[in-house]
Amino acid sequence: MTLAPETIAKPKAAAPSASVRSRVSVPLRFPDGFAAEAEVLTFSGLADGKEHLLLAFGEWEQALQDAMRGGAGPLVRLHSECLTGDVFGSLRCDCGPQLREAVERIAAEGGFLLYLRQEGRGIGLYSKLDAYALQDGGLDTYEANLALGRGEDERDYTAAAQMLGAMGAGPLRLLSNNPDKAAQLTGLGIEVSGQVATGVHASAANLRYLAAKRDHTGHTLVLPSDAGPVHSARDANSDAAAAARVGAPAAAAVPSHDEMIARAQGLVAGLRERAEETERLRRIPDATVVELHAAEMFHTLSPKAVGGFGMGLETYVEVVRRLARGCASTAWSVGHLIEHVWMLARWPREAQDEVFANGPAPLAAATGAPAGVAKKVPGGFAITGRWTFASGVMHSQWALLAAQHGSVRLQCLVPLADVELLDVWQTAGLRGTGSNDIRAENLFVPEHRTLDWELLGAEANPGSALHQDPLIHTPMGPLLNMVAPAAALGSAEYALELFRELIMVRKVKHTVEDRQADSPLAQVRYAQASGLVATARLHWQEAVRVVAVSHARTPSMLTERERGEYRLSLALSGEASAEAVRLIVTGSGGSVHRLSNPLQRIQRDVNVLMNHAALTRDPVLEQAGRGLLGLGFTVPSF
């Protein structure tokens with residue numbers, strides 16, 4: 001999360017008090033399928049007499065309490081009404097995308113969106129449209145207001161301060177690029193502990209408007225033209241050019257590999273605490289989702305041009321491995337959601353305009369098991385099917401669905417709101433992934449949201465013409481096999497840690513030792529388990545090395561021998577992880593099988609992981625053997 005520079009407030013009289021008039025719960029759903037529950041409050045005694053609204057999202061009461069104990073406080077956005085942008089989706093401003101972004105971020109962290117009835121920076125709808133006409137003649141947005149005899153910005157945030165005061169808001173974090181908002185609130189007695197920058201939703205239609213806000217009033221905006229020179233060989237494909245095309249935020253401050261791993265490791269304690277809840281809910285708990293977004297986990301493989309981190313294979317798989325040391329279900333879900341952001345970045349420009357319009361981390365479930373049926377219709381395709389194992393679907397706004405059209409396998413991008421979600425995920429392990437089924441019947445998918453699977457998976461995929469991030473310029477297949485082995489290895493490492501803690505204190509019945517660790521048999525068992533985990537780790541590292549080496553060359557397609565090597569190493573890593581967990585659980589006593597004990601959960605999770613196609617022993621060994629012997633694969637997709 002990026003903090004904008006602090007602003008210096010001008011002294012201003014404290015706002016008079018106002019009171020809550022009414023409150024009502026309103027479920028919201030945006031055109032892209034994102035949904036959130038808002039508690040909408042109205043007020044009496046507002047200074048300007050207008051019908052302003054406060055929408056409370058997420059754990060806002062907890063955020064207020066945390067602020068009283070010295071925390072940073074709730075996340076708050078002051079959003080001025082914009083009929084053209086908020087309702088009609090005008091591209092002349094960034095108001096609609098900012099509203100959508102704000103709702104999601106505030107819902108995740110807890111806080112308030114103040115919807116203020118001050119159209120056109122306070123000059124009204126008709127005057128704003130008159131100003132548009134003047135802007136078409138060459139004036140910027142501020143010059144146009146002045147030419148109409150109005151102020152550059154007539155907004156007054158006294159009513160906003162009153163509303164926040166009525167909610168008992170102490171310190172708060174302001175979600176805004178506008179320094180005047182923080183200055184006015186501070187002058188009205190509201191403590192702003194930090195200003196959090198929003199995404200920069202640039203497009204060809206609003207770039208001049210955003211530049212005026214940046215240059216004239218100091219908005220903290222980094223626009224595509226600020227990105228500096230690009231290499232001439234990739235001029236048309238530069239990150240800056242891509243940002244302008246897809247209406248995306250400017251490049252974020254990218255953490256190092258070690259910093260990203262530290263973020264993942266920092267989540268482990270909370271994941272362990274909530275692992276039982278995760279399994280019971282059959283999805284990732286809201287508290288964990290908030291932490292994942294705050295740590296920007298979903299930015300890992302997102303392109304830099306849209307505000308992501310554009311990191312490599314080694315960082316990605318290590319993030320999954322670390323998260324699995326806390327909760328395998330969470331690691332599995334997050335690993336796939338990160339991967340699917342990367343898949344979306346491989347699509348053509350028009351599709352990316354949609355999915356990345358509201359930030360660098362659009363969450364999407366992806367499934368092709370089994371493929372549906374696609375029928376060509378005017379303007380696109382009609383798809384029908386029931387897709388299983390939709391990991392991450394409980395936290396997604398989009399779905400990537402495989403559908404067969406004759407001999408061509410398509411991937412179809414659809415808003416999750418357009419499909420039926422079937423609650424069928426009742427499993428022995430990985431229960432917390434919520435990998436439910438998706439069903440659709442003759443669902444229309446426009447042409448630009450369908451893509452040939454082979455083209456999507458190719459090194460020269462459409463997104464490679466838009467983004468410079470190296471991983472987007474690699475074949476898709478190898479990455480798709482990485483989540484299960486990383487989750488199995490992290491789970492085994494966690495099990496070994498628990499086993500060591502247990503045997504150092506546990507007294508075993510019918511033995512003479514004071515603790516299990518004093519038994520030679522226990523020492524042997526622990527050594528065997530440690531060796532198996534080391535074996536799993538070394539095989540896993542070898543598989544990552546083989547794929548990483550291929551990514552470093554051009555072309556980066558793996559040879560058949562390399563495909564056999566890395567798939568074999570992944571399978572053997574998973575096998576060693578599972579055997580280590582089995583050995584540990586067998587030596588941990590009867591109480592380990594209580595549902596509250598994490599070891600039994602780890603064993604069940606790993607058992608399910610071992611049935612994933614990346615780790616299923618017999619077919620992997622057969623095809624790997626053919627590749628190593630130079631006999632050619634009988635399964636081309638291996």
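Residues numbered from 1 in each chain as written. Predicted model: local features only at pLDDT ≥ 70, side-chain atom pairs only at ≥ 80, totals over all residues. Heavy atoms only, no water.

Undergrad: Explain the overall build of the protein chain to me, using residue names and the numbers behind them.
TA: From N to C terminus, the protein chain includes 23 helices and 15 strands. In summary, the protein chain has a C-alpha radius of gyration of 27 Å against a globular reference of 26 Å for 638 residues, a match within 12%. Counting only C-alpha atoms, the protein chain reaches 85 × 60 × 45 Å along its principal axes. Per-residue burial for the protein chain yields a buried fraction of 55% across its 638 residues. A sequence separation of at least 24 residues applies to 70% of the contacts in the protein chain between residues at least 6 apart. When the accessible surface of the protein chain is totalled, it reaches about 26200 Å², and 55% of it is carbon and sulfur. (Helix = DSSP H or I, 4+ residues; strand = E, 2+ residues; numbered from the N terminus. Rg over C-alpha atoms; globule rule 2.2 N^0.38 Å. Buried < 20%, exposed > 50% of the residue type's maximum accessible area, 1.4 Å probe, protein only. Contact = heavy atoms within 4.5 Å. Areas by Shrake-Rupley, 256 points an atom, 1.4 Å probe, with all protein chains shown as cover.)

Undergrad: Can you tell me about the sheet that holds strand S12 (residues 408–415), naming the residues and giving the values?
TA: In a beta sheet, neighbouring strands are held together by backbone hydrogen bonds and run either parallel or antiparallel to one another. The 7 strands lie next to each other as S13-S14-S10-S9-S11-S12-S15, forming an open sheet whose pairing is mixed. The two strands at the open ends of the sheet, each matched to only one other strand, are strand S13 (420–422) and strand S15 (450–452). Here the average twist between neighbouring strands, direction ignored, is 25 degrees. When S12 meets S15, the two strands line up antiparallel, connected through 3 bridges. (Pairing = 2+ DSSP bridges. Axes fitted to C-alpha atoms, helices over the stretch in contact; angles between N-to-C directions.)

Undergrad: Pulling in residues and values, what's your account of the nonpolar core?
TA: Ranked by internal contacts, the top residues of the largest apolar core, which has 95 residues, are Met297 and Leu313. A total of 13 residues in this core trace back to one element, the largest contributor, which is helix H19 (residues 483–503). Apart from residues lying up to four places away in sequence, Leu313 is in contact with Leu471, Leu479, Met482, Val544, Val547, Ala548 and His551. Counting residues in hydrophobic clusters, the runner-up holds 27 residues, among them Leu54, Trp60, Val76 and Ile190. (Core = buried A, V, L, I, M, F, W, Y, C linked by side-chain atoms within 4.5 Å.)

Undergrad: Tell me about unusual backbone geometry, and please be specific about residues and values.
TA: A cis amide bond links Ala369 with the next residue in sequence, Pro370, at an omega value of -10 degrees. Secondary-structure assignment places Pro370 in strand S9 (residues 364–377). Cis peptide bonds are those with omega within 30 degrees of zero, and the linkage from Thr554 to Pro555 qualifies with -5 degrees. Of note, Pro555 is situated in the loop between helix H20 (520–551) and helix H21 (560–586). Of note in this structure, Glu296 is not a glycine but carries a positive phi near 60 degrees. Relative to the assigned elements, Glu296 resides in the loop between helix H13 (286–294) and helix H14 (313–324).

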